[in-house]
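Commentary on secondary and tertiary structure
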Amino acid sequence: NLMNFANGSDFSLTTTERGIHRYVHEHLIAALDTLNTYQRNRRAQSSRLAIGPSMNRQYRNDPRTRLIELLKRWLRQHAANDHLEEDDVRRVERLCR
């Protein structure tokens, strides 16, 4: 349920691997690969006010991470759909704008 996902009760990080062996829509797989790469390389910087070297950590529960996870779930669910409707793709596109 999307509402649970937005409120945090259904939120969890997914793998940054593709996780799909059969797909129909190469453009959706390319988008998934791009999001996975972005998420793997995205790091948070600790405060520069701390004494000593800054430590990198991953983002885990911020709005951007939640949107990325939502998009990854959608892409994985629809990449193998033989009958993907253009309107479904456009709705996700509008979400990203």
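These notes cover the structure that comes with them. (Residues numbered from 1 in each chain as written. Predicted model: local features only at pLDDT ≥ 70, side-chain atom pairs only at ≥ 80, totals over all residues. Heavy atoms only, no water.)

Focus on the pattern of salt bridges
Going through the model one piece at a time under the given rule, you end up with seven salt bridges. A salt bridge links Arg90 to Glu86, with the nearest nitrogen and oxygen atoms 2.7 Å apart. With Arg90 and Glu86 both in helix α4 (residues 86–96), this residue pair falls four residues apart, about one helical turn. A residue is classified by how much of its surface remains accessible, and Glu86, at 49% relative accessible area, is partly exposed. Its relative accessible area of 39% is what places Arg90 among the partly exposed residues. Each of Glu86, Arg90, Glu93 and Arg97 takes part in one network of salt bridges that share partners. (Salt bridge = Lys/Arg side-chain N within 4 Å of Asp/Glu carboxyl O. Helix = DSSP H or I, 4+ residues; strand = E, 2+ residues; numbered from the N terminus. Buried < 20%, exposed > 50% of the residue type's maximum accessible area, 1.4 Å probe, protein only.)

Remarks on the nonpolar core
In this structure, Ile20, Leu28, Ile29, Leu32, Leu35, Ile68, Leu71, Trp74, Leu75, Ala79, Leu84 and Val92 together form the largest nonpolar core, which totals 12 residues. For this core, the secondary structure elements donating two or more residues are α2 (26–41) and α3 (63–78). Discounting residues that sit within four places of it in the chain, Val92 has contacts with Leu71 and Trp74. (Core = buried A, V, L, I, M, F, W, Y, C linked by side-chain atoms within 4.5 Å. Contact = heavy atoms within 4.5 Å.)

Regarding the environment of Val24
By the element assignment, Val24 lies in the loop between α1 (2–7) and α2. Considered as a pair, Val24 and Ala79 are 55 residues apart in the sequence and their alpha carbons are 5.9 Å apart. In contact with Val24, not counting residues within four places along its chain, are Ala79, Ala80, Asn81 and Asp82.

Focus on α2
Given 3.6 residues per helical turn, the α-helix brings residues three or four places apart onto the same face. Here α2 contains 16 residues, and its C-alpha end-to-end distance of 23 Å stays within 8% of the 22 Å for a straight helix at 1.5 Å per residue. Buried within α2 are the following residues: Leu28, Ile29, Leu32, Leu35, Asn36 and Gln39. Projection of α2 onto a plane perpendicular to its axis shows the buried side chains occupying an angular sector of 125°, all on one side. Exposed and facing more than 90 degrees away from the buried side of α2 are Glu26, Thr34 and Asn41. Along its buried surface, α2 packs onto α3. (Expected span 1.5 Å × (residues − 1). Arc of directions from axis to C-beta.)

Read these as spatial facts, not as claims about activity.
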